[in-house]
Amino acid sequence: MSSSSNPLSEELQCSICLEVFTDPVSTPCGHNFCKSCLNKCWNNSQTCSCPYCKETFTQRPDLKINTTLREISEHYKEKRPEEKAEVVCDVCEDRKLKALKSCLVCQSSYCQTHLEPHLRVAGLKKHKLMDPVRNLEDYICQKHDRPLELFCRDDQTCVCMCCLVTDHKNHKTVPLEEESEEKKTELMKTQKDVQQMIQDRIKKIQEVKHSAGVRKINSETEKAAHVEIFTDLICSIERCQTELLEMMEEQQKAAEKQEEELIEELEQEITELKMRNTELEQLSHTEDHLHLLQSYSSLQCRPADTRNWPEISLKTRENLENLRRALNTLKDTVEEKITQAELKWMQQYAVDVTLDPDTANPYLILSDDGKQVRDGDIEQKLPDKPQRFDPCPCVLGKEGFSSGRFYYEVQVKEKTEWDLGVVRESINRKGQITLRPNNGFWTVVLRNGNEYKAFAGPPVSLSVRVRPQRVGVFVDYEEGLVSFYDVESSSHIYSYTGQTFTDKLYPYYSPSLNYGGKNSNPLIITTVNYKE
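Computed from a predicted structure; not experimentally measured.

## What to know about the overall build of the protein chain
Then, number 1: Counting its regular elements, the protein chain contains 8 helices and 23 strands.
Then, number 2: Of the contacts made within the protein chain by residues no fewer than 6 positions apart, 57% connect residues no fewer than 24 positions apart.
Then, number 3: Accessible surface computed for the protein chain: about 33700 Å², of which carbon and sulfur atoms make up 50%.

See below:
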């Protein structure tokens, strides 16, 4: 039984069940009750009277739901939700006691005292009792006014015994208890599934948190590595800059000393030439013919040559050329240091790649450890699997990548042709293939011994300073980046940028044809020597 000090609650309360109205109806005398409560009251009485004021009606009123009062009641229930009220005894008149059982035949609920006849009287003992419920009409067949005791599996609905000979004749029916137990079993299974789903999601949350923690640690480690790399790079640049400035200062001092010596020599020669000019002036006016003839030979000789000016100019140009070479050397050193820093950073994402024999062209021979591949010139009898390349001499790595970064290195020493890169999982592997990003290939190749190209749509010819012996391949899936490096010279070869990846990416290798032994060396997947 529920009660409330709220005046509005009392105005919306049925005087029979003492709860907020459910489907309220009004009697001719103007009092309001729950429709089910009033019907139950009149069904158990010989007369129809108002339960509140006791006014008796000669005919049973046709009850209509008061829609306005129902809306107000439902709105009140939504705003002021209460605990489920206990079921009270329908027989108690003054102080209604808590019901112990509800009878589906009598359609009433009884406290312990008023239940006693159902436990004693033979006829009442046959009535179907159940735990007390307020909405007993829901447990009664509306068509036959009999208890709903069976469940029709054909129509998936509850029925009474009379329904078996009418609407549900020849249908498969079972007792409600039996169907309920089966449903309970199914519910328990569903509950276990839901519990498992909850556990799976809890585990996923833990994995995400763990992944976030690992990512944070890796990020901090990566930041520290970047700081160390670029600190070394800055130190190297500063050292090169210091060496260049020292060299320039030394060259400046040497040039200044050379200029001072030259000026001193020139001033000395000028003094000597002035003295000679005075002597010549005097001799040109002398009357002493003997003295003129005796002095003529010595004065007529050319003065000693001064410093060779073309040689000085040449040395100046040489100094400038040395300076230009020093600047270029510094530029090359800086670029090399930057590339070394890039390569060192990429190498931390090295993965252990093994060749997948199920993708290898029948002419290719793979080593037992799956790290080498070469063209054998003889076709092997292998099953024609969908993933196998044919006729192109290609093979993929076993491991695919659908996120993050990865890096691997391949030895290409003494080969005249090869292909390297990554491909998407869904590429065409049968018939002739065209290497280009639109077809799912991001590659760099060697042709004719010295022609390096990137097949980026129209082929791009590549210029390399030295012939690569070992090539590094780096991929950043989210950034859409595929880069190639000459590992030993620490130089950049080519990069595909701004790509969009959706499939898994696999390392791609082609040792090309043997060409009568000229290209017989294998491609070798090497261990990455990464040093922190």
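## So, a nonpolar patch on the surface
Then, number 1: Taken together, V194, M197, I198 and I202 make up a surface patch of nonpolar side chains, about 320 Å² in accessible area.
Then, number 2: With respect to the secondary-structure elements, V194 resides in helix α6 (residues 176-283).
Then, number 3: Among the residues examined, V194 registers a relative accessible area of 40% and is labelled partly exposed.

## Overview of helix α2 (residues 35-43)
Then, number 1: Residues of α2 that are buried: C37, L38, K40 and W42.
Then, number 2: Elements that come into contact with the buried residues of α2 comprise β1 (24-26), β2 (32-34), β3 (48-49) and β4 (56-57).

## With respect to the pairing of strand β15 (residues 418-424)
Then, number 1: Of all 7 residues that make up β15, 6 are buried, and the element is covered over most of its length.
Then, number 2: Taken together, the 6 bridges between β15 and strand β16 (residues 441-447) define a ladder with antiparallel strand orientation. Across the sheet, residue V422 finds its bridge partner in β16, namely W442.
Then, number 3: Pairing analysis gives 6 bridges linking β15 to strand β22 (residues 505-510), with the strands arranged antiparallel.

## Some points on the environment of E19
Then, number 1: Structurally, the position occupied by E19 is in the loop between α1 (7-11) and β1.
Then, number 2: The spatial distance from the C-alpha of E19 to the C-alpha of F33 is 9.8 Å, given a sequence separation of 14 residues.

## Considering the side chain of S483
Then, number 1: The topology assignment puts S483 in strand β20 (residues 481-486).
Then, number 2: Within the structure, S483 has its side chain in polar contact with the side chain of S495 (distance 2.6 Å).
Then, number 3: Leave out the neighbours within four places in its chain, and S483 touches G472, V473, F474, Y494 and S495.

## A few points about empty space enclosed by the protein
To locate leftover empty space, one rolls a probe as large as a water molecule over the atoms.
Then, number 1: Counting across every chain of the model gives 2 cavities of 30 Å³ or more.
Then, number 2: Within this model, the second largest cavity holds a volume of roughly 40 Å³.
Then, number 3: Looking at the lining of the second largest cavity residue by residue, the classes come out as 5 nonpolar, 1 polar and 4 charged.

## Focus on the sheet that holds strand β7 (residues 129-130)
In sheet architecture, strand pairing relies on hydrogen bonds along the backbone and comes in two forms, parallel and antiparallel.
Then, number 1: A sheet is described by the order of its strands in space; here 3 strands give the open sequence β6-β5-β7, paired in antiparallel fashion. Two strands lie at the open edges of the sheet, namely β6 (108-110) and β7, each paired on one side alone.
Then, number 2: Examined bridge by bridge, strand β5 (residues 101-103) and β6 share 3 bridges and lie antiparallel to one another. Paired with K101 across the two strands is Y110, which belongs to β6.
Then, number 3: Against the sheet, helix α4 (residues 112-120) contacts β5, β6 and β7, and its axis sits at roughly 110° relative to β6.

## Digging into the side chain of T443
Then, number 1: Checked against the element boundaries, T443 lands in strand β16.
Then, number 2: Classification of T443 by relative accessible area gives buried; the value is 0%.
Then, number 3: Residues in contact with T443, not counting those within four places in the same chain, are L420, G421, L435, K453, A454, F455, F484, Y496 and Y508.

## Looking at the layout of surface pockets
Then, number 1: Computed from the structure, the largest pocket encloses a volume of approximately 1400 Å³.
Then, number 2: In terms of lining, the largest pocket is formed by 49 residues, of which the most central are I16, C37, K40, C41 and D90.
Then, number 3: For the lining of the largest pocket, the secondary-structure elements that each account for two or more residues are α2 and β6.
Then, number 4: Residue contributions to the lining of the largest pocket peak at 8 residues, all from α2.

Conventions adopted
- Residues numbered from 1 in each chain as written.
- Predicted model: local features only at pLDDT ≥ 70, side-chain atom pairs only at ≥ 80, totals over all residues.
- Heavy atoms only, no water.
- Helix = DSSP H or I, 4+ residues; strand = E, 2+ residues; numbered from the N terminus.
- Contact = heavy atoms within 4.5 Å.
- Areas by Shrake-Rupley, 256 points an atom, 1.4 Å probe, with all protein chains shown as cover.
- Patch = residues over 30% accessible without salt bridge, like charges linked within 9 Å, V, L, I, M, F, W, Y side chains within 5 Å.
- Salt bridge = Lys/Arg side-chain N within 4 Å of Asp/Glu carboxyl O.
- Buried < 20%, exposed > 50% of the residue type's maximum accessible area, 1.4 Å probe, protein only.
- Pairing = 2+ DSSP bridges.
- Polar contact = N/O pair within 3.5 Å; in protein donor to acceptor, adjacent residues only side chain to side chain.
- 1 Å grid on protein atoms, 1.4 Å probe; cavity = no way out; pocket = protein on both sides within 12 Å on 5 of 7 lines; lining within 4 Å.
- Points joined across faces, edges and corners; volume = space filled by probe spheres on them.
- Nonpolar A, V, L, I, M, F, W, Y, C, P; charged D, E, K, R; others polar.
- Axes fitted to C-alpha atoms, helices over the stretch in contact; angles between N-to-C directions.

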